[in-house]
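Spelled out, the chains give:
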Amino acid sequence: MGGILVAVWYILLPLAVFVDYYLSFPFWDGLVTVSVLWSICLYFWFSGNLILASKVPLVERWIPYDRRVRLHIATGLAIMGALVWHVLSKFLGNMEIDWLSWVLLFGCGAFLVMSATWTKMPLLGTLRSLLGKRWSGLTNRFYDGLRRVHGLGFAALVALSWWHIHSAGIDAMGVSGLSVAWAGAAILSLGVYLASWFRKMLAAEATLSAIEVRSDLVLLTLDLRTPLAYHAGQFAYLRFPGISGLRSGHPFSFLSAPDAEGGGMVLHFAIKPQGDFTQALRTLKVDARVLINGPYGNFRPQPGEKNLLIGTGIGSVPVLSLLAGYDEGQHNWQAIVAVAKAEDLPRVPEGDNVMLMEYAKDGRLIDKSLLNGVMGGSPDWHVWICASTKVRQALL
């Protein structure tokens with residue numbers, strides 16, 4: 001479903017609007033044609049990226065987080081290229097370059113560079129490496145503010161993009177009624193963004209009751225102040241108001257299951273400290289206030305189906321969450337948990353239905369032959385994998 005929606009919004013809809021516009025105002029000049037097509041793509045990619053960045057359940061369900069990040073980065077670079085071409089084509093065609101074009105160009109460029117403080121982006125990696133520790137220091141100090149400015153600024157650019165189109169009269173052209181897509185894209189994307197903000201404001205509150213810092217893991221225990229309805233296997237965005245570098249929400253899978261402990265009022269998270277945010281979690285103190293925006297995610301095997309659960313590395317956390325609520329008579333299921341060593345796990349799973357693989361001990365990596373052996377060649381199994389892209393590609 002997510003792939004279809006992305007194809008429609010980022011490819012089919014811009015092409016359809018371009019054809020509709022062309023039929024109402026035919027032109028044959030190659031430079032103008034390319035410029036108009038780029039401009040139309042630019043507008044819908046702008047609004048599409050605002051939707052991708054919004055934290056609402058439907059978006060999270062249809063397009064997984066890691067895919068949204070990759071698509072956001074790729075289209076962000078394409079948007080920058082389209083803006084450069086848009087301004088350059090006006091210059092080469094001796095056309096007036098209005099102030100909105102300059103605002104969009106420099107605004108998008110600023111936000112692109114800004115986002116490199118928290119995302120590894122092509123073409124900007126050299127800048128990160130040259131700045132080194134100074135870059136990391138700026139990231140930690142201004143991270144939360146930069147994230148807020150980036151989000152609000154991008155929403156403003158979407159609104160300015162629509163005004164740019166509208167003031168030029170382009171949204172009034174067309175022969176098939178597709179001209180409504182111009183305003184529709186802006187209204188939908190800004191509406192989704194506002195819904196994301198409202199959801200963030202209504203986040204559940206909790207108190208950090210315990211923290212355990214291991215060499216490769218940070219284990220958090222949170223006591224909810226109000227109930228949170230979630231399912232094992234899902235994730236939520238955690239943020240810590242008032243703590244520098246931790247004010248912006250980051251996604252983490254639940255380690256706990258809803259009714260496994262504390263009547264659903266106690267949450268557990270296991271987090272691998274890899275980036276600036278997760279490294280800063282090591283410094284948290286008990287009684288810190290936590291805001292939980294969630295739940296999100298569709299990693300939810302259905303009862304009654306034959307489910308094979310696979311978790312590797314830190315991807316084992318949602319599988320362990322599911323196992324906390326399972327018993328051998330409840331589901332026809334099998335789980336494979338693969339890690340370098342058992343000590344890397346927040347807790348070691350047990351049971352006849354669980355296969356624990358330790359690479360450091362047996363030297364074996366999870367592969368297709370192992371999966372086929374577990375499933376016995378039956379097509380009835382539903383396979384649920386939480387692992388890196390490389391592992392998923394190797395297994396599927």
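Residues numbered from 1 in each chain as written. Predicted model: local features only at pLDDT ≥ 70, side-chain atom pairs only at ≥ 80, totals over all residues. Heavy atoms only, no water.

Next up on the list: the overall build of the protein. Each helix and strand counted, the protein has 12 helices and 10 strands in total. When the 396 residues of the protein are sorted by exposure, 47% land in the buried category. Across the protein, every contact between residues at least 6 apart in sequence was considered, and the portion connecting residues at least 24 apart equals 69%. Just so you have it, the protein exposes about 19,600 Å², and 63% of that area is on carbon and sulfur atoms. (Helix = DSSP H or I, 4+ residues; strand = E, 2+ residues; numbered from the N terminus. Buried < 20%, exposed > 50% of the residue type's maximum accessible area, 1.4 Å probe, protein only. Contact = heavy atoms within 4.5 Å. Areas by Shrake-Rupley, 256 points an atom, 1.4 Å probe, with all protein chains shown as cover.)

In spatial order, the strands read E9-E8-E7-E10; together these four strands make up an open sheet with parallel pairing. Whereas interior strands pair on both sides, the edge strands pair on one side only; in this sheet they are strand E9 (354–358) and strand E10 (381–386). Across this sheet, the average inter-strand angle for adjacent strands is 15 degrees, counted without regard to direction. Taken together, the five bridges between strand E8 (residues 332–339) and E9 define a ladder with parallel strand orientation. Bridge pairing links Ala335 to Val354 in E9. Packing of helix H9 (residues 316–324) onto the sheet brings it into contact with strand E7 (306–312), E8, E9 and E10, and relative to E7 it is tilted by some 140 degrees. (Pairing = 2+ DSSP bridges. Axes fitted to C-alpha atoms, helices over the stretch in contact; angles between N-to-C directions.)

Here we take up the pattern of salt bridges. Going through the model one piece at a time under the given rule, you end up with five salt bridges. In this structure, the salt-bridge partner of Asp344 is Lys341, at a minimum N-O distance of 3.2 Å. Among the salt bridges present, the one from Glu358 reaches Lys361, with a minimum N-O distance of 3.2 Å. For Glu358, a relative accessible area of 13% gives the class buried. Bridged by salt links that share partners, the residues Glu205, Arg225 and Arg289 form one connected network. (Salt bridge = Lys/Arg side-chain N within 4 Å of Asp/Glu carboxyl O.)

Counting residues in each nonpolar core, the largest one holds 44 residues, and the members touching the most others are Phe44, Phe46 and Leu83. Secondary structure elements with two or more residues in this core: helix H1 (2–24), helix H2 (30–53), helix H4 (65–92), helix H5 (99–115), helix H6 (125–167) and helix H7 (180–201). Here this core takes 11 residues from H2, the largest share from any one element. Beyond its immediate sequence surroundings of up to four residues, Phe44 is in contact with Trp9, Leu13, Pro14, Val17, Ala181, Trp182 and Ala185. Among the nonpolar cores identified, the runner-up in size contains 25 residues, and Ala206, Leu228, Ala236 and Leu267 belong to it. (Core = buried A, V, L, I, M, F, W, Y, C linked by side-chain atoms within 4.5 Å.)

Together, Ile4, Val8, Ile11, Leu12 and Leu15 make up an exposed nonpolar region whose accessible area comes to about 450 Å². For Ile4, the position within the fold is in helix H1. Note on Ile4: relative accessible area 55%, which makes it exposed. (Patch = residues over 30% accessible without salt bridge, like charges linked within 9 Å, V, L, I, M, F, W, Y side chains within 5 Å.)

On to the packing of H4 against H5. Relative orientation of the contacting elements H4 and H5 amounts to 150 degrees, with a least axis distance of 10 Å. In terms of orientation, H4 and H5 fall into the roughly antiparallel class. Both H4 and H5 take part in a crossing whose hand is left-handed. Across the interface between the two elements, Gly76, Leu77, Ile79, Met80, Leu83, Val84, His86, Val87 and Lys90 from H4 touch Ser101, Trp102, Leu104, Leu105, Cys108, Gly109 and Leu112 from H5. (Parallel < 35°, antiparallel > 145°, perpendicular 65-115°, else oblique. Left-handed = near helix turned anticlockwise from the far one by under 90°.)

With respect to the helices, strands and loops of the structure, Leu220 is situated in strand E2 (residues 218–224). In this structure Leu220 comes out as buried when scored by relative accessible area, which is 1%. Leu220 sits 48 residues away from His268 along the chain, and the two C-alpha atoms are 5.7 Å apart.

On to H5, then. The end-to-end C-alpha distance of H5 is 24 Å, a good match for the 24 Å that 17 residues give at a rise of 1.5 Å each. Among all positions of H5, only Leu100, Ser101, Leu104, Leu105, Gly107, Cys108, Gly109, Phe111, Leu112, Met114 and Ser115 are buried. (Expected span 1.5 Å × (residues − 1).)

These results come straight from atomic positions and should not be treated as a statement about function.
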